[in-house]
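As a plain string of letters, each chain reads:
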Amino acid sequence: MGTGTAGTAVVDCDVHNAVPRLSALFPFLPDSWVDYCRETGVEGFDPAFYPPGAPLSARPGSRVGDGPPGSDPDVVRAHVLDATGARWAVLNCLYAVHALHNPDWAASMAGALNEWQAVHWLAADPRFRASIVVSLRDPHAAAEEIGRRAGNGFVQVLLPASAPAPLGQRSFWPVYAAAEAAGVPVAVHPGVGGANPLSPVGWPAHHVEDYAGAALTLQSQLTSLVAEGVFAAYPGLRVVLLESGVTWLPSLMWRFDKNWKALRREVPWVDRPPSQVIREHVLLSTTPLDAPPALDRAWVDRFLTQLGTVRMLLHAGDYPHWHHGTAPAALLEQLSPAERELVLGGNATRLYGLPEEAGCRPVA
Amino acid sequence: MTAPGRAVVVAVVGEIPAGGRKIVDIDGRSVGVFNLGDGFVALRNTCPHEGAPLCEGVLSGALTSPTPGVYHYERRGEILRCPWHQWEFDLRTGRSWVDPDRVRVRHYPVTSDGRHVIVHV
Ligand code: FES
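Just so you know, these numbers come straight off a predicted model, no measurement behind them.

### Thoughts on the packing of helix H4 (residues 139-149) of chain A against helix H5 (residues 173-182) of chain A
Residues and elements named next belong to chain A.
Consideration 1: Packing of H4 against H5 leaves a shortest axis separation of 8 Å and a crossing angle of 10 degrees. In terms of orientation, H4 and H5 fall into the roughly parallel class. For H4 against H5, the interelement crossing comes out right-handed. Contacts from Pro 139, His 140, Ala 142, Ala 143 and Ile 146 of H4 reach H5 at Pro 174, Val 175, Ala 178, Ala 179 and Ala 182.
Consideration 2: In terms of residue class, the contact of H4 with H5 is made up of nine nonpolar, one polar and no charged.

### Considering the confidence of the model for chain B
Consideration 1: The pLDDT averaged across chain B works out to 95; a share of 97% of its residues lies at or above 70.
Consideration 2: Prediction confidence for the complex, expressed as pTM and ipTM, is 0.93 and 0.90 respectively.

### So, the state of the cysteines
All names here are of chain B.
Consideration 1: A full pass over the atoms with the stated rule returns zero disulfides over all chains.
Consideration 2: The thiol sulfur of Cys 55 is not disulfide-bonded, and the nearest other cysteine sulfur, from Cys 82, lies at 9.7 Å.
Consideration 3: Owing to a relative accessible area of 0%, Cys 55 belongs among the buried residues under this scheme.

### Focus on the pattern of salt bridges
All names here are of chain B.
Consideration 1: Under the counting rule described, the total for this entry stands at 22 salt bridges over all chains.
Consideration 2: The closest approach of N and O atoms between Lys 22 and Glu 15, which form a salt bridge, is 2.7 Å.
Consideration 3: For Lys 22, a relative accessible area of 25% gives the class partly exposed.
Consideration 4: Using a relative accessible area of 38% as the deciding quantity, one classes Glu 15 as partly exposed.
Consideration 5: A salt bridge links Glu 78 to Arg 75; its shortest N-O distance comes to 2.9 Å.
Consideration 6: Residue Glu 78 is classed as buried on the basis of its relative accessible area of 12%.

### Overview of the interface of chain B and chain A
Consideration 1: Opposite the 18 residues of chain B that make contact, chain A presents 13 residues.
Consideration 2: Of the roughly 1300 Å² buried between chain B and chain A, counting both surfaces, carbon and sulfur atoms make up 58%.
Consideration 3: When residues of chain B are sorted by the area they lose upon contact with chain A, Leu63(B), Pro68(B) and Val98(B) head the list and together hold 42% of the total.
Consideration 4: The interface formed by chain B and chain A contains two salt bridges.
Consideration 5: Put simply, Glu88(B) and Arg265(A) hold a salt bridge, and the shortest N to O gap is 2.8 Å.
Consideration 6: Every element with two or more residues in the side of chain B that touches chain A is listed here: strand S5 (58-64) and strand S6 (72-81) of chain B.

### Some points on the environment of Tyr95(A)
Residue and element names in this part refer to chain A.
Consideration 1: By secondary structure assignment, the location of Tyr 95 is in the loop between strand S2 (88-91) and helix H3 (103-122).
Consideration 2: As a C-alpha pair, Tyr 95 and Ala 18 span 77 residues in sequence and 6.8 Å in three-dimensional space.
Consideration 3: Ignoring any residue separated from it by four or fewer positions in sequence, one finds Tyr 95 in contact with Val 19, Arg 21, Leu 22, Leu 25, Gly 44, Phe 45, Asp 46, Pro 47 and Leu 113.
Consideration 4: In terms of polar contacts, Tyr 95 uses its side chain to reach the backbone amide nitrogen of Phe 45, at 3.2 Å.

### Some points on the pairing of strand S3 (residues 128-133) of chain A
Each regular strand displays side chains that alternate between the two surfaces of the sheet.
Residue and element names in this part refer to chain A.
Consideration 1: Burial runs high along S3: six of the six residues are buried.
Consideration 2: Summarising the sheet, S2 and S3 pair through three bridges and their orientation is parallel. Bridge pairing links Val 90 to Arg 129 in S3.
Consideration 3: Of the pairings in the sheet, the one linking S3 to strand S4 (residues 154-162) comprises four bridges and is parallel in character. What sits directly across from Ile 132, in S4, is Val 157.

Rules and cut-offs
Residues numbered from 1 in each chain as written. Chains lettered and ligands numbered in written order. Predicted model: local features only at pLDDT ≥ 70, side-chain atom pairs only at ≥ 80, totals over all residues. Heavy atoms only, no water. Axes fitted to C-alpha atoms, helices over the stretch in contact; angles between N-to-C directions. Helix = DSSP H or I, 4+ residues; strand = E, 2+ residues; numbered from the N terminus. Parallel < 35°, antiparallel > 145°, perpendicular 65-115°, else oblique. Left-handed = near helix turned anticlockwise from the far one by under 90°. Contact = heavy atoms within 4.5 Å. Nonpolar A, V, L, I, M, F, W, Y, C, P; charged D, E, K, R; others polar. pLDDT = per-residue confidence, 0-100. Disulfide = S-S within 2.5 Å. Buried < 20%, exposed > 50% of the residue type's maximum accessible area, 1.4 Å probe, protein only. Salt bridge = Lys/Arg side-chain N within 4 Å of Asp/Glu carboxyl O. Buried area = accessible area lost by both parts, 1.4 Å probe. Polar contact = N/O pair within 3.5 Å; in protein donor to acceptor, adjacent residues only side chain to side chain. Pairing = 2+ DSSP bridges.

Put into structure tokens, the structure is as follows:
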């Protein structure tokens, strides 16, 4: 991919490891739930919005063997680490156990999924890091899972953007308290975690709507997190917005600041302009990047000025999905060496507390 | 500019009750005079944002919060909200709430000789 820069420990912040089949989780699931799965005949929880055969769901070469793209650690390692020279890859497993309505089943499935990640992925390569999958059906159980997993290769909590309710609401705060206490950020990724659809206005009819509109749900969640005071209550918390673009953020910040001046009395805990809160607490992956086809330095200068800081941006490959075109790479090309170092790895290294020494194995 | 310190009688004492206000014209400038109970303040009746008649706005209190869900409400009647975009201004300083260093409204000293309320422009 040619994104490596001499001396930069590249971090790929959004890699999707997939569960090959439901039974892969059975060794890590309590017997009662194993039999429940078997007896009910449930087939699995692959996310419905990335059908493996649909266009853009999987890049060429990522389908190997019987399992879905991204389900073989050796293949993922070869593609996202060895082939690119990335020093670290952060795994965000989208297997949709958090969408289950039964809070106990969901929590048990999430626990099994995390154990499966530890055994089959984190142990497979020291360059893998993983996100803790939790269900928001029982935020206290989610908090316990975060406390159990954080560290030990788990560097972040993963939440679905289409959560059961706006993510800032207080019922979810045990999750943020646990994440802050454990020193891990909370990532929000498109996905369904309850009755709410992928789009803020209802279920779209087509995958192209899911992808083209992905930023809208993230914007709703970001405004909720700020307005409800999550960052005032948990000032050490960082939130990572994944796979939903970046360039929409300045316009949301302009509007949020403007409306806050008139309506801040509703939310007196937001004691600074929302844009300032966002810049201090939020990072975003640059894949996809919604930018003009001819992306030049003048455009990058204007965008970074509007964004406020290059320290909010995280490099990501979004493996094995293939939605993003060439804009993320074009952005990297236009960045100064110092900016590129931050986006490719410096920001993520700091965010996830990754060791900063040089790579432990030769890279391509 | 008018020479500093020129004294202009704007009301007789008792005319503006505590919590009340009077908007007066001084040399073509509209000025709001407010009785805070412990004294008077006077503000230019022009919002520094987009020029609304600021002194016609609602008087409210100062609302802060040490943490989400906890509301500290103090200084009732000392925070003026612009009738247009609802930005808040501190009557005692003329400073806006959202950008106190850069967005301020001119305010003038007010004295009394026992019978009159006097604004110094
Ligand atoms: S004119 Fe006063 S807030 Fe806009």
